[in-house]
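For reference, the chains in residue letters:
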Amino acid sequence: MSVTAVGSFWLPLSPGKLLRPRMAVRSSAVSVAPILTHLQKQCATPLPVLRHVADAMAADMRAGLAVDGGSDLKMILSYVDTLPNGNEKGLFYALDLGGTNFRVLRVQLGGKDERVIATEFEQVTIPQELMFGTSEELFDFIASRLANFAKTEGGNFHLPSGRKREIGFTFSFPVKQTSIRSGILMKWTKGFAVSGTAGRDVVACLNEAMERQGLDMQVSALVNDTVGTLAGARYWDDDVMLAVILGTGTNACYVERTDAIQKLGSQMSSSGRTIISTEWGAFSNGLPLTEFDRDMDAASINPGEQIFEKTIAGMYLGEIVRRVLLKMAEEGALFGESVPEKLSAPFLLRLKTPDLCAMQQDNSDHLDAVGSILYDVTGVKSDLCARKMVVEVCDTIVKRGGRLAGAGIVGILQKMEEDTKGLIFGKRTVVAMDGGLYENYPQYRRYLKEAVTELLGLEMSRNIIIEHSKDGSGIGAALLAASNSQYQRDF
């Protein structure tokens, strides 16, 4: 979930192409002020709103644990019952597949004394034709690159004799997991349309492809990126209890007692605990929404779904800002006499670029960076009043997103504490964070942490450590392969 810059571009202004004429001209500062005021009121997240979101998140978690379909939250079992503890030894691989690139990684573990001796990784871009090809073609390509990577093994990396290579597979697409080593693909997302995989076990697909490549390796753990992040952070710090991804999309997972999972029935784990993937992007209870959110949702590929994700995740923040600016341009002459036609293009300011973040961090007297970005993106020149208004809009949407994410985190902590008094509050608890939005947007991070402090109070919030765990999902998958290794008795 990395944040990448998209190059700016400029097209010559032409009345027929870039600008739509307006009916009347008004002072932009005066005429758009009511739109901003109304937006700020609708997006407000005072303490009672945050409390409601945290309480509703905890309640929905319980309902989702009781029965499948019990709430908006799927509360998916990860089947990760054994977390890495530092005793693991040997050579382990990881494959992280979650988008148009995948990473292969290896790690040499030395047990309690040496921990991580060495790591190496390689990133590979998937050719576009394979995203629309067959399952066999895609997995053969992945397995061939993995085999090439394995051939370069040397130096600090060595496989103990008599062992087969084991790999942790981070697969960030919708999967119905059936065990730590198996999961059925429900559907492809993120632009993939690979035939012959839906309804199949993705671990079997990878194992078969590795066999075809003559690669002596097997999958020991199938995880999503959030679970991998938790495991990677937990390896270094026993106080890590939950992990949150905030990037293009979002999710959260946490350590749960198996006796609290009613839908598990009699399938208890030997450790008495497991990791639950909340799939919290689907949460929707009591969120402060605007007309812009509702319009964006209606125009999305999944209307009525992933409402929490659409208010807090990077893919959507810029799109909400675009819709607000379009209304200000049409009804309040924000950019003068004409409405920039390019402002009508959906996802123009999408936070896959750092545009919003760069505009919010512009401290110059005339907001030169804001003006430059607006010119690059919309093709029009803006005055200082318009630039200030744009920054206010960005701040309003980002503030709501960060504070709601913070309330969601408190909801999870609250549920854990209610089930086991003293587990969370009153002692050090670490929340492992990853994702480009969290990593690269300082204002968003600040708003998230402020909401946590407001909800818990200054004293209690001091014990909640919100820590960035960069690219933790890759090494986390390798560590889970180790902690679920068929050779773990040897550690």
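Check the entry above for the structure.
A brief report on the enclosed structure follows. (Residues numbered from 1 in each chain as written. Predicted model: local features only at pLDDT ≥ 70, side-chain atom pairs only at ≥ 80, totals over all residues. Heavy atoms only, no water.)

Quick look at the environment of Tyr 487
Part 1 of the argument: Following the sequence through the fold, Tyr 487 ends up in the segment after α16 (472–483).
Part 2 of the argument: Tyr 487 gets classed as buried once you look at its relative accessible area, which sits at 14%.
Part 3 of the argument: Once you skip the residues sitting within four places of it in the chain, Tyr 487 turns out to touch Gly 162, Arg 163, Lys 164 and Glu 166. (Helix = DSSP H or I, 4+ residues; strand = E, 2+ residues; numbered from the N terminus. Buried < 20%, exposed > 50% of the residue type's maximum accessible area, 1.4 Å probe, protein only. Contact = heavy atoms within 4.5 Å.)

A look at the packing of helix α2 (residues 47–66) against helix α14 (residues 442–456)
Part 1 of the argument: Relative orientation of the contacting elements α2 and α14 amounts to 90°, with a least axis distance of 10 Å. Judged on the interaxial angle alone, α14 and α2 are roughly perpendicular. For the pair formed by α2 and α14, the contact residues are Leu 47, Leu 50 and Arg 51 on the first element and Ala 451, Glu 454 and Leu 455 on the second.
Part 2 of the argument: Of the residues assigned to the contact of α2 with α14, the class counts are four nonpolar, no polar and two charged. (Axes fitted to C-alpha atoms, helices over the stretch in contact; angles between N-to-C directions. Parallel < 35°, antiparallel > 145°, perpendicular 65-115°, else oblique. Nonpolar A, V, L, I, M, F, W, Y, C, P; charged D, E, K, R; others polar.)

Considering the pattern of salt bridges
Part 1 of the argument: This structure, assessed with the given rule, holds 23 salt bridges.
Part 2 of the argument: Measuring nitrogen to oxygen at the nearest pair gives 3.2 Å for the salt bridge that ties Glu 439 to Lys 470. Here Lys 470 lies in the loop between β15 (464–468) and α16 and Glu 439 lies in helix α13 (residues 436–440), a separation of 31 residues in the sequence.
Part 3 of the argument: The network of salt bridges with shared partners includes Arg 62, Glu 256, Lys 415, Glu 418 and Asp 419. (Salt bridge = Lys/Arg side-chain N within 4 Å of Asp/Glu carboxyl O.)

Observations regarding the packing of aromatic side chains
Part 1 of the argument: Taken as a whole and assessed by the stated rule, the structure comprises eleven aromatic pairs.
Part 2 of the argument: Relative to Phe 141, the ring of Phe 102 has its centre 6.3 Å away and its plane inclined at 90°; by these criteria the two rings are edge-to-face. Pair noted here: Phe 102 is in strand β4 (residues 101–110) and Phe 141 is in helix α4 (residues 135–151), with a separation of 39 residues, a long-range link. In terms of burial, Phe 102 and Phe 141 fall into one category: buried.
Part 3 of the argument: For the ring pair Phe 171 and Trp 188, a centre distance of 5.8 Å and an interplane angle of 70° mean the geometry is edge-to-face. (Phe/Tyr/Trp six-rings, centres within 6.5 Å; stacked < 30°, edge-to-face > 60°.)

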